[in-house]
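Observations on chain architecture
If you want the building blocks of each chain, they are given just below.
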Amino acid sequence: MLTGMQIAVLGGDARQLEIIRKLTELDAKISLIGFEQLDHAFTGALKEKIDEVDFETVDGIILPVPGTNLEGEIETIFSNERIVLTEEILQSTPSHCKIYSGITNKYLDEITSSANRQLIQLFERDDVAIFNSIPTVEGTIMMAIQHTDFTIHGSNLIVLGLGRVGMSVARSFHHLGARVKVGARKSEHLARITEMGLKPFHLDDFEKEVGDCDMCINTIPAQVVNAGVIARMPAHTLIIDLASKQGGTDFRYAEKRGVKALLAPGLPGIVAPKSAGQILANVLSQLLLQDLSSRKE
Ligand code: NAP
């Protein structure tokens, strides 16, 4: 149980509700900042404005998946209030207070390091990334169906990258009957692709592989689907780019060429916010329980 723990939840989307539900069930005390318009009430959770919170008693700060923007602002769908996380706020917390975020940026890195507080990026964890690949795949299948006039079954599909998302995407589309080729650069990835019963190719040969491609799903956060590649794709190819940081596709050239290319960020939060929230809630509750027990030792 998290009895005696004081947690501040700052902003977010529907995923945060699962986190709040789980942590209140575990008896943590929660300050909800940026939730004024939330109808639902949770026992043990109090809606507060950021300047009303006594951060000196806060054991953990939970940020939404994107963390803050580069000015420290935190997005919330439950309030119109502007919420800003500052170094001063972090400095006013006890030294054991940890900051939990999905991802980070320069601003968040800087204020947590200047305030000497530990920042935990949940999306860096393999367990979170692998669980999260499940709703990501479902969202990708949804987009593939919505944006094509042919079945996935029997289509020629290219997946780029064999990381945590790429592997789940490649396997799922293979099970749906697509002819899946996977592009990677490491020999162990090429070996694994073969072991999975799929066709591997080295990314250096990407241009040679796209002549019959019906759909290309990118998971590599680097410019891999470049103009040279797009120029060799059939005009009907659908590109779905899942990679962060603006994806890995030359969208300008794709549009010029008339190839449909879609950037699809944040699919878990869109297609399955409840499940995506439960993934985060489970991991966060484990981390907070470990934190509490290590402080009691
Ligand atoms: P990951 O496990 O780190 O996999 C990334 C893959 O990209 C690896 O196969 C890696 O290969 C390859 N790669 C990285 N940089 C490369 C480069 N410069 N050239 C060639 N290959 C490169 O990451 P992940 O968890 O699968 O996530 C993949 C991307 O999807 C991330 O950008 C993530 O933020 C994003 N994502 C999006 C959604 C969504 O809803 N759209 C959901 C979850 C994740 P090496 O091992 O050879 O580096």
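Here is what the cut-offs are and how they apply
Residues numbered from 1 in each chain as written. Predicted model: local features only at pLDDT ≥ 70, side-chain atom pairs only at ≥ 80, totals over all residues. Heavy atoms only, no water. Helix = DSSP H or I, 4+ residues; strand = E, 2+ residues; numbered from the N terminus. Buried < 20%, exposed > 50% of the residue type's maximum accessible area, 1.4 Å probe, protein only. Contact = heavy atoms within 4.5 Å. Areas by Shrake-Rupley, 256 points an atom, 1.4 Å probe, with all protein chains shown as cover. Lys, Arg positive; Asp, Glu negative; His and termini not counted. Charge placed at Lys NZ, Arg CZ, Asp CG, Glu CD. Disulfide = S-S within 2.5 Å. Pairing = 2+ DSSP bridges. Axes fitted to C-alpha atoms, helices over the stretch in contact; angles between N-to-C directions. UniProt positions renumbered as here; feature names shortened; annotations may be inferred. 1 Å grid on protein atoms, 1.4 Å probe; cavity = no way out; pocket = protein on both sides within 12 Å on 5 of 7 lines; lining within 4 Å. Points joined across faces, edges and corners; volume = space filled by probe spheres on them. Nonpolar A, V, L, I, M, F, W, Y, C, P; charged D, E, K, R; others polar. Domains from an automatic or database assignment.

**A short note on the overall build of the protein**
Secondary structure assignment for the protein yields 11 helices and 14 strands. Sorting the 297 residues of the protein into buried and exposed places 52% on the buried side. Of all intrachain contacts in the protein linking residues separated by at least 6 positions in sequence, the fraction that spans at least 24 positions is 58%. When the accessible surface of the protein is split by element, carbon and sulfur atoms take 51% of a total near 14200 Å². Computing the positive centroid from 29 side-chain charges and the negative centroid from 38, the protein places the two 6 Å apart.

**Observations concerning the state of the cysteines**
A complete count under the given rule lists zero disulfides for this structure. The thiol of C216 is not disulfide-bonded; the next cysteine sulfur, from C213, is found 5.2 Å away.

**Thoughts on the sheet that holds strand 2 (residues 29-33)**
An order of 3-2-1-4-7-8 is seen for the six strands of this open sheet, with the pairing classed as parallel. With one partner strand each, in any of the chains shown, strand 3 (45-48) and strand 8 (118-121) form the two edges of the open sheet. Pairs of neighbouring strands in the sheet enclose a mean axial angle of 20°, with direction left out of account. As judged from the three bridges shared by strand 1 (residues 6-10) and strand 4 (residues 60-62), these two strands associate in the parallel manner.

**What to know about the sheet that holds strand 12 (residues 215-218)**
Backbone hydrogen bonds are what pair the strands of a sheet, in a parallel or an antiparallel way. Read across the sheet, six strands follow the order 11-10-9-12-13-14 without closing on themselves; strand pairing throughout is parallel. Of all strands in the sheet, those with a lone pairing partner are strand 11 (199-202) and strand 14 (260-263), marking the two edges. Each adjacent strand pair in this sheet contributes to an overall mean axis angle of 20°, direction not counted. Here strand 13 (residues 238-241) pairs with strand 14 via four bridges, running parallel.

**A short note on the UniProt feature "domain: Dipicolinate synthase subunit A N-terminal" (unreviewed entry) in the protein**
Here the UniProt-annotated "domain: Dipicolinate synthase subunit A N-terminal" (unreviewed entry) positions come out as residues 6-123. End-to-end, the C-alpha atoms of residues 6-123 are 23 Å apart, and along that stretch the chain is 22% helix and 25% strand.

**Overview of empty space enclosed by the protein**
Using the criterion set out here, one finds one cavity of 30 Å³ or more in the structure. Counted as a void, the largest cavity has a volume near 40 Å³. Contributing to the lining of the largest cavity are Q16, I19, I62, L63, P64, V65, S101, G102, L122, L280 and L284. For the lining of the largest cavity, the secondary structure elements donating two or more residues are helix 1 (14-25) and helix 11 (273-296). Class assignment for the residues of the lining of the largest cavity results in eight nonpolar, three polar and no charged.

**Focus: the side chain of S168**
With respect to the secondary-structure elements, S168 resides in helix 5 (residues 164-175). Since its relative accessible area comes to 13%, S168 is described here as buried. When near neighbours in sequence (up to four residues on either side) are disregarded, S168 contacts S133 and V137.

**Notes on the layout of surface pockets**
Taken as a whole, the largest pocket holds about 1600 Å³ of empty space. Taken together, 44 residues make up the lining of the largest pocket; nearest its centre are F123, P221, L242, A243 and S244. Only helix 4 (126-146), helix 5 and helix 10 (267-271) provide two or more residues apiece to the lining of the largest pocket. For the lining of the largest pocket, a count of residues per class yields 21 nonpolar, 16 polar and seven charged. Both domains that meet at the lining of the largest pocket, namely domain 1 (6-124 + 272-296) and domain 2 (128-265), each give it at least three residues. What the second largest pocket holds in volume is close to 350 Å³. For the second largest pocket, the lining is made up of 18 residues, of which P66, G67, T68, N69 and E75 are closest to its centre. Grouping the constituent residues of the lining of the second largest pocket by class yields seven nonpolar, seven polar and four charged.

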